[in-house]
Amino acid sequence: MSSPFSVHFNARVFRLRCVPKAALALSFLAAIHGALAAPQPLTLGEAQMRAVARSRQLGAQDQAITAANEMAVAAGQRPDPVLKVGIDNLPVSGADRLSLGNDFMTMRRIGLSQELTRADKLHWRSARYQIEGDKALAQKDVALAAIQRDTAIAWLEVFYTEQMVSAVSAQLAVSRQEIEAAEGAYRGGRGSSADILAARSALLALDDRASEIGRRQRTAYTMLARWTGEDTSVAGAPDINRIRLDPASLDTDLAHHPEISVLNKQEDIAQADANLARANQHTDWSVEVAFQQRGPAYANMVSVGISVPLQWDRKNRQDRELAAKLALVEQTKAERDEMLRGHVAETRSTIIAWQSGRERTARYTRESLPLASERSQAVLAAYRGGKAPLADVLVARRGEVELRLQALEVELETARLWAQLNFLFPEGGTAQHSAANSHQESK
């Protein structure tokens, strides 16, 4: 006689065999689709690529570059010719009042005038907008570096808060086992109610710490989703022991930093404005040609004229305008030099802090954490041998957890410094490659 279990199992097999193959295929495909649709953990590089791809700020800078390039072409053209139409010497009284053909002085006039702008003025007007385009390109590099840096920091926050959650979760499981052990010892007459209360208090403290770390983890996920557009976990361990900067050549390297490049372009713009002001010290002539039609009894006429602006107060107008533009050039140079000094000092300080963080992390990994683990094991062995109370075990466990969390905090802070240093310059930036050409052209 078959057992109830075998009957139930055979019934399940029978029902499975009766399921249509199409339904099994659909179930299989649905399972595959669910697995594929689940968000995959992101590596640091993938997170940065997604952040760059979905950034609207980079697209805005592209539009600024396009606008400047279009204006560079327009500014290099001469002004449009001016069409002039009018009536000269129209009588307003007498027998020929308002007559267009009776008076010999009355003329209907149509003409054109054209300003003959000097070539050097057209060049500097166009060059200024070309440099504006280069400045927008440098600003795009600033934005790209910021996106990569902030995405890296958000990714690192997720990575290390996940490590913290794992450390606290493991200790929570141990704390619950300690409560069960304390209750068992109390029931067996080997422990006291104070041990149970101490174990429960330790669990409550861990629960509170887990809640705080959980809040930090949710915040970290939110910030990463702000850049990548997806709330997901991360994959891979970051290598925060190397940076792309060479401390020996820091002064030279930071001279090409995107923010310094922006100020270089600002200096070039100021210099182009000064060159244009210098060119404005020479006047532009205008040429005018007009045809005058008179009455049938009189001959028609043609007029040709030249207009020349008179710089009658040059020392108080054109010369002072040039002096103002040259002062702006010096102002931009001073601001750039001051920013460069600040960048160098700040970066050197960040490198020192990063190196110190690496040393502290190595000390935690090599000495402090193994020592805390050995102490916990020793106190636990003493407790099992009846030579130490449960309170000593709880203190040792709590100290080990706090030390692990402290080590992760130090490593997280070191990782933030690494991201700030490693992404001072953008990966895939373009503005620094065109820095020399327009900077030299404007001199």
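Residues numbered from 1 in each chain as written. Predicted model: local features only at pLDDT ≥ 70, side-chain atom pairs only at ≥ 80, totals over all residues. Heavy atoms only, no water.

Some thoughts on the overall build of the chain
The helix and strand tally for the chain stands at 11 helices and four strands. For the chain, the share of sequence-separated contacts (at least 6 apart) that also reach a separation of at least 24 residues comes to 83%. Carbon and sulfur atoms make up 56% of the accessible area of the chain, which amounts to about 25800 Å² in all. (Helix = DSSP H or I, 4+ residues; strand = E, 2+ residues; numbered from the N terminus. Contact = heavy atoms within 4.5 Å. Areas by Shrake-Rupley, 256 points an atom, 1.4 Å probe, with all protein chains shown as cover.)

Quick notes on the pattern of salt bridges
Enumeration according to the criterion identifies 23 salt bridges in this entry. Between Glu288 and Lys84 there is a salt bridge whose closest N-O contact spans 3.3 Å. Taken together, the residues span a long stretch of sequence, with Glu288 in strand 3 (residues 285–293) and Lys84 in strand 1 (residues 82–88) at a distance of 204 residues. Here Glu400 ties to Arg404 by a salt bridge, and the two come within 3.3 Å at their closest N and O atoms. In this pair, Glu400 and Arg404 are both assigned in helix 10 (residues 390–422), four residues apart and thus about one turn of the helix distant. In this structure Arg404 comes out as partly exposed when scored by relative accessible area, which is 36%. Each of Arg128, Glu132 and Asp273 takes part in one network of salt bridges that share partners. (Salt bridge = Lys/Arg side-chain N within 4 Å of Asp/Glu carboxyl O. Buried < 20%, exposed > 50% of the residue type's maximum accessible area, 1.4 Å probe, protein only.)

Notes on the nonpolar core
Membership of the largest hydrophobic core comes to 58 residues, with the highest contact counts inside it found for Trp155, Tyr160 and Trp418. Listed by contribution, the elements that provide at least two residues to this core are helix 3 (44–53), helix 5 (119–187), helix 6 (193–228), helix 7 (250–254), helix 9 (318–384) and helix 10. Top contributing element to this core by residue count: helix 5, with 16 residues. In contact with Trp155, not counting residues within four places along its chain, are Leu42, Thr43, Leu44, Ala47, Leu224, Val234, Ala235, Gly236 and Pro238. (Core = buried A, V, L, I, M, F, W, Y, C linked by side-chain atoms within 4.5 Å.)

Structural notes on the pairing of strand 2 (residues 107–116)
Relative to strand 2, strand 1 is paired through seven bridges, and the arrangement is antiparallel. Bridge pairing in strand 2 links Asp88 to Met107. As paired strands, strand 2 and strand 3 are joined by nine bridges and run antiparallel to one another. Paired with Gly111 across the two strands is Ala290, which belongs to strand 3. (Pairing = 2+ DSSP bridges.)

Some points on a nonpolar patch on the surface
Taken together, the side chains of Leu83, Val85, Ile110, Leu112, Val289, Phe291, Val302 and Val304 define a hydrophobic patch exposed on the protein surface, amounting to about 780 Å² of accessible area. Put simply, the parts of the chain that give the nonpolar patch at least two residues each are strand 1, strand 2, strand 3 and strand 4 (301–307). In this fold, Leu112 is placed in strand 2. (Patch = residues over 30% accessible without salt bridge, like charges linked within 9 Å, V, L, I, M, F, W, Y side chains within 5 Å.)

A closer look at the packing of aromatic side chains
One pass over the structure, following the stated rule, counts four aromatic pairs. Geometrically, the ring pair formed by Trp155 and Phe159 is stacked, given 5.7 Å between the ring centres and 10° between the ring planes. On the criterion of helical spacing, the pair formed by Trp155 and Phe159 is a turn pair, its members being four residues apart in helix 5. Residue Trp155 is classed as buried on the basis of its relative accessible area, which comes to 1%. Ring geometry for Trp418 and Phe423: centres 6.0 Å apart, planes at 85°, overall edge-to-face. Each member of the pair Trp418 and Phe423 is classed as buried. A network of ring pairs unites the aromatic residues Trp155, Phe159 and Tyr160 as a single cluster. The ring of Trp227 has Arg226 lying over it, and the distance from NZ or CZ to the ring centre is 3.7 Å. (Phe/Tyr/Trp six-rings, centres within 6.5 Å; stacked < 30°, edge-to-face > 60°. Lys NZ or Arg CZ within 6 Å of the ring centre and 35° of its normal.)

Some thoughts on the sheet that holds strand 2
Read from one edge of the open sheet, four strands run 1-2-3-4, paired in antiparallel fashion. Edge positions in the sheet fall to strand 1 and strand 4, since each of these pairs with one other strand and no more. Adjacent strand axes in the sheet meet at a mean angle of 20° when their direction is disregarded. (Axes fitted to C-alpha atoms, helices over the stretch in contact; angles between N-to-C directions.)

A few points about helix 9
Counted at 1.5 Å a residue, the expected span for helix 9 with its 67 residues is 99 Å, and the 95 Å between its end C-alpha atoms agrees. The first or second residue beyond helix 9 is Gly386, which carries a positive phi of 80°. (Expected span 1.5 Å × (residues − 1).)

Description of the confidence of the model for the chain
For the chain, per-residue confidence averages 85 on the pLDDT scale, and residues scoring 70 or more make up 88% of the total. Under a pLDDT of 50 for its full length, residues 1–19 has, in the predicted model, two contacts with residues more than four places off or in other chains. Every residue in residues 29–36 scores below 50 in pLDDT, and together they form one contact with partners more than four places removed in sequence or on other chains. (pLDDT = per-residue confidence, 0-100.)

Some points on the side chain of Gln281
Take Gln281: it is sitting in the loop between helix 8 (258–279) and strand 3. With a relative accessible area of 12%, Gln281 lands in the buried category. There is a polar contact of 2.8 Å between the side chain of Gln281 and the side chain of Asp319. Among all residues touching Gln281, those that are not within four sequence positions of it are Gln311, Arg314, Gln318, Asp319 and Leu322. (Polar contact = N/O pair within 3.5 Å; in protein donor to acceptor, adjacent residues only side chain to side chain.)

Regarding the packing of helix 9 against helix 10
At their nearest, the axes of helix 9 and helix 10 sit 8 Å apart, and the two run at 160° to each other. Taken together, helix 9 and helix 10 sit at an angle that is classed as roughly antiparallel. Considering only the axes of helix 9 and helix 10, their crossing is left-handed. (Parallel < 35°, antiparallel > 145°, perpendicular 65-115°, else oblique. Left-handed = near helix turned anticlockwise from the far one by under 90°.)

Overview of the packing of helix 5 against helix 8
At a minimum axis separation of 9 Å, helix 5 and helix 8 run at an interaxial angle of 170°. Between helix 5 and helix 8, the interaxial angle falls into the category roughly antiparallel. Taken together, the residues of the contact of helix 5 with helix 8 break down into 10 nonpolar, four polar and 12 charged. (Nonpolar A, V, L, I, M, F, W, Y, C, P; charged D, E, K, R; others polar.)

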